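# Structural overview
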Amino acid sequence: MSERYFETTAAFASVIDTMREIESTFLSGERAVQQDISVIEGYRWIFTMVQVAFDCFVWADKDRPAFVDIVGRYKKWGGDNADAYYQYAAIDPSRTYRVHLDAGDAVYLSLSVYEGPDDGQPAEGMSGSLHLGEMQANQDGSFDIVLSAREHPGNWIQLSSNSNAVITRDYLAHPARDRRAFWTIEADHPPSTIRETDADMARRFRAAINWLKSQGDITPIAPLGDPNTMLEPLPMGAITYGWGAGDASYGMGNYELEEDEALIIEGTSPNCVFWNLCIWNEFLHTYNYDYERVSINGHQVAYNDDGSWTLVISERDPGHPNWIHTQGHRSGVLWARWFLPEQTPSQPTTRVVKVSELGGS
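Cut-offs and rules
Residues numbered from 1 in each chain as written. Predicted model: local features only at pLDDT ≥ 70, side-chain atom pairs only at ≥ 80, totals over all residues. Heavy atoms only, no water. Pairing = 2+ DSSP bridges. Helix = DSSP H or I, 4+ residues; strand = E, 2+ residues; numbered from the N terminus. Axes fitted to C-alpha atoms, helices over the stretch in contact; angles between N-to-C directions. Contact = heavy atoms within 4.5 Å. Buried < 20%, exposed > 50% of the residue type's maximum accessible area, 1.4 Å probe, protein only.

### With respect to the sheet that holds strand β8 (residues 163–171)
Here five strands make up an open sheet; going across it, the order is β1-β2-β8-β4-β5 and the pairing antiparallel. With one partner strand each, in any of the chains shown, β1 (68–71) and β5 (125–131) form the two edges of the open sheet. Sheet twist, expressed as the mean angle between neighbouring strand axes with direction ignored, is 25 degrees. Pairing geometry for strand β2 (residues 84–90) and β8, over seven bridges, is antiparallel. If you follow Ala89 over to β8, its bridge partner there is Val166. Sitting on the sheet, helix α2 (residues 36–58) touches β1 and β2, and the angle it makes with β1 is about 140 degrees.

### A word on the sheet that holds strand β17 (residues 331–339)
The strand order β10-β11-β17-β13-β14 describes an open sheet built from five strands, whose pairing is antiparallel. Single-partner strands in this sheet number two, and they are β10 (229–230) and β14 (295–297). Pairing geometry for β10 and strand β11 (residues 248–256), over two bridges, is antiparallel. Residue pairing for β11: Thr229 is matched across the bridge by Asn254.

### Details of the pairing of strand β4 (residues 108–115)
Burial analysis of β4 places seven of its eight residues in the buried class, which makes it a mostly covered element. Where β4 and β8 come together, eight bridges link them in antiparallel fashion. Bridging across to β8, Leu111 finds its partner in Thr168. Relative to β5, β4 runs antiparallel, the two sharing six bridges. Across the sheet, Glu115 pairs through a bridge with Gly125, a residue of β5.

In short, the description is geometric, and any link to function would need to be established separately.
Right under this line is the structure:
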């Protein structure tokens with residue numbers, strides 16, 4: 001009997017090869033990570049990437065879509081944070097979709113449609129989006145949104161000819177106790193059956209590979225600016241590539257501290273619906289927030305009398321209410337975001353002190 005050939009077999013082998021290639025970037029060469037803890041986290045990050053890639057490109061069904069978590073407590077990648085959940089659904093621009101939303105306790109949420117090549121390459125732009133303040137509510141407080149190329153009354157996002165994905169963002173002020181938003185999506189007149197083929201499955205695997213490679217090209221990242229500094233925040237809408245948000249201002253930097261040192265970050269925030277600051281490793285994912293606080297948001301911060309804030313980043317307890325724990329990472333990325341700010345935030349100031357100067361243990 002002659003040996004059978006499947007395109008998916010070759011694509012599967014390429015997935016394994018791609019994982020090995022990504023592993024090599026953080027183990028050796030100019031992008032190798034220097035901290036042992038980062039190497040350990042790198043392996044978990046690879047499998048997170050594979051999980052997200054398969055959810056978004058291998059399992060995705062544009063005829064009968066469903067929202068799947070792509071960012072959350074155990075899906076750390078691409079700039080996650082302790083306050084948010086992101087969900088993804090693949091879409092076909094020739095179809096009409098109906099999204100239903102129960103906002104829960106979210107203080108900020110949005111629905112964004114992205115466009116670009118339909119092969120796992122990064123999105124090239126955003127077709128449209130709606131945030132909570134722009135949505136008309138139903139009598140029971142829920143929301144219905146239509147995604148379609150043709151105009152619809154009420155909450156509507158117009159699809160372009162190359163729209164291919166929709167992403168939700170839900171932010172909670174107190175994630176440990178707040179109720180997250182609940183989203184559903186369905187297509188008008190979906191087919192009643194499906195038959196999968198080798199060619200289509202191989203195409204899906206190749207899309208997953210492209211997405212994995214695009215993430216491997218980004219991370220691990222080099223420090224952003226000089227050690228223990230934060231750059232001037234970007235204006236709202238400045239980051240439009242990939243699956244970035246269009247209604248947030250971002251501030252970034254890095255820290256590099258000894259065990260007995262603390263980084264003091266001082267600043268102010270403009271009026272906005274939500275802001276936070278978190279610390280990431282080289283793979284742009286948060287440390288484990290099941291234990292210590294590794295990020296803080298504007299609803300959790302203890303403010304100064306003048307409305308400004310002071311944050312303290314350190315390994316040892318500085319005895320400060322706005323302490324962010326480094327969890328054994330001697331260096332990392334600082335990232336702040338402000339959703340729907342009235343103006344671009346001012347650049348935060350930074351300084352390094354000994355923890356003992358702050359009265360810490």
